[in-house]
Amino acid sequence: MPNPPDIHAAASEMLESWPGFSPLKSLMDNFPDMPVYLAGGALRNLLLGKKSGLKDFDFFLDEAHFEDAVTMLGQYGSVIKGPFGAPRWFPGGADDVSCDLIAIERFYNGLWQCEDIVDVLNQFDFTANAVALDLRTGGFFDPVNGVRDIYRLTMRAVRFDYPDEPFMPGQTLSRLEVLWLRIAHYSARYRLSIEPITLRWLHKNQHYAEGASKFSEIFFPLETGALEIIKV
């Protein structure tokens, strides 16, 4: 399992075997002043020691070159709209591997408008996901102690104060339902021990489990046993 000081090398090695690496490198060469951050599940899995089978990545870019970046990458594959509304890029020849392209300033989880990657991570769902790597400088961001929780195999929500509103216009699942179901899913998938405050919130809001079928339809199938581990 790589320590955070080694995460840049580990992430670079992982990305070099990814079908989208060459276009991503070209993108960074073409826009040398554009920061590119890898965040979320790919880094979480690297820190968990899971280097194989990664099929989705989250890249955060700044607003200034965002549309041009999406257009350029679209020339090397296909781009659709992901569940949260951000462009989802499938590199050519890799229909089962994708990445979400997210403008930092457009990332919105019902709270404040983000100005930098730390703002973004402070609005993530759980701490093990709230880590990011600057692919240019190797700078590592961990504002809510996600690495500590990863190493301790602990599930800890970042916050619970998202507005109880649809996660996207026209959807019926609320932001809090999505949070509840994601925590249940990833706790079961990676056998994470849920810390007491997060577990108390999950128990208090078990009615959010009613959205499981809709969640699986929009996002991905819930891990087997995900709902069972939450029951009192």
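Scroll up a little and you will see the structure.
Rules behind the numbers
Residues numbered from 1 in each chain as written. Predicted model: local features only at pLDDT ≥ 70, side-chain atom pairs only at ≥ 80, totals over all residues. Heavy atoms only, no water. Buried < 20%, exposed > 50% of the residue type's maximum accessible area, 1.4 Å probe, protein only. Helix = DSSP H or I, 4+ residues; strand = E, 2+ residues; numbered from the N terminus. Pairing = 2+ DSSP bridges. Disulfide = S-S within 2.5 Å. Phe/Tyr/Trp six-rings, centres within 6.5 Å; stacked < 30°, edge-to-face > 60°. Expected span 1.5 Å × (residues − 1).

Undergrad: What should I look at first to understand the pairing of strand 1 (residues 36-39) in this one?
TA: Every regular strand shows the same layout, with side chains that alternate between the two sheet faces. In strand 1, alternate side chains face the same way, and those of Val36 and Leu38 on one face and Tyr37 and Ala39 on the other are all buried. Note that strand 1 and strand 2 (residues 56-61) share 4 bridges and pair antiparallel. What sits directly across from Val36, in strand 2, is Leu61. Both strand 1 and strand 6 (residues 132-134) contribute to a ladder of 3 bridges, which runs antiparallel.

Undergrad: Just to check I follow, could you spell out the state of the cysteines for this structure?
TA: In total, this model carries 0 disulfides according to the counting rule given. Cysteine Cys99 is unpaired, with the sulfur of Cys114 as its nearest cysteine sulfur at 19 Å.

Undergrad: Looking at this model, I keep getting lost on the packing of aromatic side chains. Mind explaining?
TA: Here a ring pair, both rings aromatic, is described through the centre-centre distance and the interplanar angle of the planes. By the definition in use, this model includes 18 aromatic pairs. Taken together, a centroid distance of 5.7 Å and an interplanar angle of 70° make the contact between Phe60 and Phe107 edge-to-face. One end of the pair, Phe60, is in strand 2; the other, Phe107, is in the loop between strand 5 (98-103) and helix 5 (117-121), with 47 residues separating them in the sequence. Take Phe60 and Phe107: they sit in the same class, and that class is buried.

Undergrad: Help me understand the sheet that holds strand 4 (residues 87-91), please; the structure alone is not making it clear to me.
TA: Consider a sheet: its strands pair through backbone hydrogen bonds, and that pairing is either parallel or antiparallel. Reading across the sheet, the 7 strands line up as 3-4-5-2-1-6-7 and stay open at both edges, with mixed pairing between neighbours. At either margin of the open sheet sits one strand with a lone partner, and together these are strand 3 (77-81) and strand 7 (140-141).

Undergrad: What is the right way to look at helix 7 (residues 175-189) in this model?
TA: Think of an α-helix as 3.6 residues a turn; residues three or four steps apart then line up on the same face. For helix 7, with 15 residues, the first-to-last C-alpha span of 21 Å sits near the 21 Å given by 1.5 Å per residue. The buried count for helix 7 comes to 14 of 15 residues, which makes it a mostly enclosed element. Residue Arg191 follows helix 7 closely and has a positive phi angle near 55°.

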